[in-house]
Amino acid sequence: MLFPLQALPSGSPIPMVGLLVLALLIVAVYSAIAIVDAYEKEALTVFGEYRGLLEPGINFVPPFVSREYTFDMRTQTIDVPHQEAITRDNSPVTADAVVYIRVMDAKRAFLEVDDYKRAVSNLAQTTLRAVIGDMELDDTLNKRQEINARIREELDEPTDEWGIRVESVEVREVNPSRDVQQAMEQQTSAERKRRAMILEAQGERQSAIEKAEGQKRSDIIRAQGEKQSQILEAQGDAVSTVLRAKSAESMGERAIIEKGMETLESIGQGESTTFVVPQELSSLVGRYGKHLSGSDVAEEMTALESLEFDSETRELLGLDEIDEMLGGDLDIETDVGSDVSEEELKSAEEVIEELDAELESKGDALDEKSTDEVSTDEVSPDEETSNE
């Protein structure tokens, strides 16, 4: 049964004790409840003895005599401070890295190592120096992935015993000393100049090749043009020669007879009374005269024909090729008898009649000169003397 406080005598210790008991109860309840986050685990000890791991949520623990140690189960980042190391080729460098770890076994991380973060950081520092010291300067600058893999391999075995897994290691910077950096800058500058000179030389070489190729093509085209021009000029000359030959050939025996008549006319105008006429010319004159006169001999004789080129002459002049080139329009074999017009026949007949009359008058003059001795020259087998 509760009594009102004002009913209690003054100076009574009961109210003070009640307040103390209430405060003690509140503190006991608060210390008996442990709240663990979802990404954490807590190691529980009672009177310093390990009792187990507290899972995420509300956990009840013995009040006043228990302690909890929190472990973050997420991936954690540990920065490895700058480390000075000397490479295998005695070049000083400074390097730092980042290590990504995760607590896999909170019990072992609590019992096997004092401070797993500090332990992993120290181990990563020593491993980084050892790996860089085992490589040359150029390899430390170029083979970052190899350095990362070797450091992770070195960290895996000891961290597994601590319940820690090293997920990855990334080397952030590897900086040579200032003197080495200056030497590398000079080397890089020289290399760039060398590449620039090479590119410039290659450009000039390519330009020269292009110019030479263009000049070569130009010379080829010019030579082809000159060759074609010479071929056309030669073909023109050949055609002209053939046409002239055709013109001369078309005259045939008629041209020979006319030339012979002109010669006889010039002979007749001289003072000599002796004439030597080639047999061929006299035969041609007889044939031509009888043919034009329409006598009976003309029926037995063939018409005057043009001279034909032999096979060697036709091949030499290229008549067959030019005939094909002109489309077959060139006909070398012509018949003088069919080409001679009536006017030409009449003029030839008149010339022959005049020649006969002149020869007859000269023969009469020879008969009248009885005191003159007419000497006759010996005629060769191919010639005969005619006094008509």
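A short tour of the structure in this document, coming up. These numbers were taken from a predicted model, which means no experiment stands behind them.

Here is what the cut-offs are and how they apply
Residues numbered from 1 in each chain as written. Predicted model: local features only at pLDDT ≥ 70, side-chain atom pairs only at ≥ 80, totals over all residues. Heavy atoms only, no water. Pairing = 2+ DSSP bridges. Helix = DSSP H or I, 4+ residues; strand = E, 2+ residues; numbered from the N terminus. Axes fitted to C-alpha atoms, helices over the stretch in contact; angles between N-to-C directions. Contact = heavy atoms within 4.5 Å. Parallel < 35°, antiparallel > 145°, perpendicular 65-115°, else oblique. Left-handed = near helix turned anticlockwise from the far one by under 90°. Salt bridge = Lys/Arg side-chain N within 4 Å of Asp/Glu carboxyl O. Buried < 20%, exposed > 50% of the residue type's maximum accessible area, 1.4 Å probe, protein only. Core = buried A, V, L, I, M, F, W, Y, C linked by side-chain atoms within 4.5 Å. Phe/Tyr/Trp six-rings, centres within 6.5 Å; stacked < 30°, edge-to-face > 60°. Lys NZ or Arg CZ within 6 Å of the ring centre and 35° of its normal. Patch = residues over 30% accessible without salt bridge, like charges linked within 9 Å, V, L, I, M, F, W, Y side chains within 5 Å. Areas by Shrake-Rupley, 256 points an atom, 1.4 Å probe, with all protein chains shown as cover. Lys, Arg positive; Asp, Glu negative; His and termini not counted. Charge placed at Lys NZ, Arg CZ, Asp CG, Glu CD.

## Quick notes on the sheet that holds strand β8 (residues 164-176)
1) Next: Taken together, 3 strands build an open sheet; the order of strands is β6-β7-β8 and the sheet is antiparallel. In this open sheet, the two strands that pair with only one neighbour each are β6 (76-86) and β8. Direction aside, neighbouring strands of the sheet carry axes that sit 20° apart on average.
2) Next: Relative to β8, strand β7 (residues 92-103) is paired through 11 bridges, and the arrangement is antiparallel. Bridge pairing links threonine 94 to asparagine 175 in β8.
3) Next: Those strands touched by helix α3 (residues 116-133) are β6, β7 and β8, and its axis lies near 35° from that of β6.
4) Next: In the packing of helix α5 (residues 144-161) onto the sheet, contacts are made with β7 and β8, and the angle to β8 comes to roughly 140°.

## A word on the packing of α3 against α5
1) Next: Running from N to C, α3 and α5 point in directions that differ by 140°, and their axes come no closer than 10 Å. By the criterion of interaxial angle, the relationship of α3 to α5 is oblique. In the packing of α3 onto α5, the handedness of the crossing is right-handed. On α5, the residues that touch Val120, Leu123, Ala124, Thr127, Leu128 and Val131 of α3 are Ile147, Arg150, Ile151, Glu154, Leu155, Pro158 and Thr159.

## Regarding the pattern of salt bridges
1) Next: Considering all chains together, one arrives at 13 salt bridges under this definition.
2) Next: Close ionic contact of arginine 165 with glutamate 167 constitutes a salt bridge, the shortest N to O distance being 3.3 Å.
3) Next: For arginine 194, the salt bridge identified is with glutamate 191, shortest N-O distance 2.4 Å. Of this pair, arginine 194 and glutamate 191 both sit in helix α6 (residues 178-268), 3 residues apart, which is roughly one turn of the helix.
4) Next: For arginine 194, a relative accessible area of 42% corresponds to the partly exposed category.
5) Next: Classification of glutamate 191 by relative accessible area gives partly exposed; the value is 28%.
6) Next: If you follow the salt bridges from partner to partner, you end up with Arg102, Arg165 and Glu167 in one network.

## A short note on the nonpolar core
1) Next: Ranked by size, the top nonpolar core spans 34 residues in total, and within it Val99, Ile101, Leu128, Ile151 and Ile164 carry the most contacts.
2) Next: Breaking this core down by element, the ones donating at least two residues are β6, β7, α2 (106-111), α3, α5 and β8.
3) Next: Per-element tally for this core: the top contributor is α3, with 7 residues.
4) Next: Beyond its immediate stretch of four places on either side in the chain, isoleucine 164 contacts Ile101, Arg102, Val103, Ala109, Tyr116, Val120 and Thr159.
5) Next: Core analysis: the second largest hydrophobic core is formed by 6 residues, Ala34, Val36, Val46 and Leu54 among them.

## Focus on the packing of aromatic side chains
1) Next: For the structure shown, the criterion picks out 4 aromatic pairs.
2) Next: Summarising the aromatic geometry, the rings of tyrosine 69 and phenylalanine 110 are spaced 4.8 Å apart at their centres and angled 40° between planes, so their arrangement reads as tilted. Here tyrosine 69 is found in strand β5 (residues 66-72), whereas its partner phenylalanine 110 is found in helix α2, with 41 residues between them in sequence.
3) Next: Owing to a relative accessible area of 28%, tyrosine 69 belongs among the partly exposed residues under this scheme.
4) Next: Lying across the ring of tyrosine 39, arginine 74 places its NZ or CZ 3.9 Å from the centre.

## Digging into the sheet that holds strand β3 (residues 49-54)
1) Next: In spatial order, the strands read β3-β2-β5; together these 3 strands make up an open sheet with antiparallel pairing. Either end of the sheet is taken by a strand with one partner, and the two such strands are β3 and β5. When strand polarity is set aside, the average angle formed by the axes of neighbouring strands in this sheet is 25°.
2) Next: Examined bridge by bridge, strand β2 (residues 40-46) and β5 share 7 bridges and lie antiparallel to one another. The residue of β5 that forms the bridge with glutamate 42 is threonine 70.

## So, a negative patch on the surface
1) Next: Negative charge collects at one region of the surface, where Glu112, Glu153, Glu154, Glu157, Asp160 and Glu161 lie side by side.
2) Next: Structurally, glutamate 153 can be placed in helix α5.

## So, unusual backbone geometry
1) Next: Backbone geometry places phenylalanine 47, a non-glycine residue, at a positive phi of 55°.
2) Next: Note that phenylalanine 47 resides in the loop between β2 and β3.
3) Next: With relative accessibility at 67%, the residue phenylalanine 47 sits in the exposed group.
4) Next: One non-glycine residue, phenylalanine 64, adopts positive backbone phi at about 70°.

## Description of the environment of alanine 32
1) Next: Take alanine 32: it is sitting in helix α1 (residues 14-32).
2) Next: In the structure, alanine 32 is positioned 27 residues away from asparagine 59 in sequence and 8.1 Å away in space, judged by C-alpha atoms.
3) Next: What alanine 32 contacts, discounting residues up to four positions off in sequence, is Asn59, Phe60, Val61 and Pro63.

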